[in-house]
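Per-entry structural report
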Amino acid sequence: MALTLAKINLVPRASRVRLQARQACCTSAASAASSSALLELPVLAFPNKDATTDERTTFARSLVRTAHEIGFFYLAVDDDDGVRARVLESTLEFFALPLEEKLESDYRQSPAFRGYMRDGVENTAGNPDRREQIEFGVEAHAREIESTSE
C-alpha cells in the first residue's frame, strides 16, 4: 500500500510531528477521506554541548528505541554553533568529489557496511535505487576488499 504525504505540521516545542497521509491508490474523494491516517513522527532533541552525561545517555537510549521501533524520526538540533550549516556544507563537498575519491570510503571496506554507496548499489524490490549515499555510525575495524574492475 503506497502512502502519499499530504501535509506536514511542525508544532513548536511539541514532542511529535504530525503527518496527514492518504493512500495513493484511492480513486474517489470518499475513499480517500475514509483511508486517511494520522501518523506521528517522534521528535528527538539532540543534546547541546552543555548536556550532562545523564541527558546524553537518555537521548542515546531514546534514539536507539525510536530507530528500532519506528525506524525514522525528526531530529531537533539547537543550532547556536552553526552545526547544521557546517554539516550541509560538508555533505555538499563530499558528494561533489570525484567518484574515485568517494570510493576511498567504500562501504565494502566496513564490516558494518558503513561508508559510501554509489548510485544504483542499493535496490528496492529488485530495482536499483537512483541515489548515492553515505552511511555512518559506530565502526569496527575495516576489512580489506579485493579490487574490482568497473
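Use the structure listed above.
Now for a quick tour of the structure.

Scoring rules and cut-offs
Residues numbered from 1 in each chain as written. Predicted model: local features only at pLDDT ≥ 70, side-chain atom pairs only at ≥ 80, totals over all residues. Heavy atoms only, no water. Helix = DSSP H or I, 4+ residues; strand = E, 2+ residues; numbered from the N terminus. Contact = heavy atoms within 4.5 Å. Salt bridge = Lys/Arg side-chain N within 4 Å of Asp/Glu carboxyl O. Buried < 20%, exposed > 50% of the residue type's maximum accessible area, 1.4 Å probe, protein only.

Secondary structure summary: the protein chain contains four helices and eight strands in total. Sequence separation of 24 or more characterises 33% of the internal contacts of the protein chain that already satisfy a separation of 6 or more.

As a further point, take the pattern of salt bridges. For the structure on display, the rule yields five salt bridges. Put simply, Lys102 and Glu132 hold a salt bridge, and the shortest N to O gap is 3.0 Å. Within this pair, whereas Lys102 is found in helix α4 (residues 99-102), its partner Glu132 is found in the loop between β7 (127-128) and β8 (133-135), the two being separated by 30 residues in sequence. Overall, Lys102 belongs to the buried group, its relative accessible area being 6%. Ionic pairing is found between Asp119 and Arg130, a salt bridge with its closest N-O pair at 2.5 Å. Residue Asp119 is located in the loop between β5 (115-117) and β6 (123-124), and its partner Arg130 is located in the loop between β7 and β8; the two are separated by eleven residues in the primary sequence. Judged by relative accessible area, Arg130 falls into the exposed class, the value being 65%. Shared partners join several salt bridges into a network, and the residues in it are Glu122, Asp129 and Arg131.

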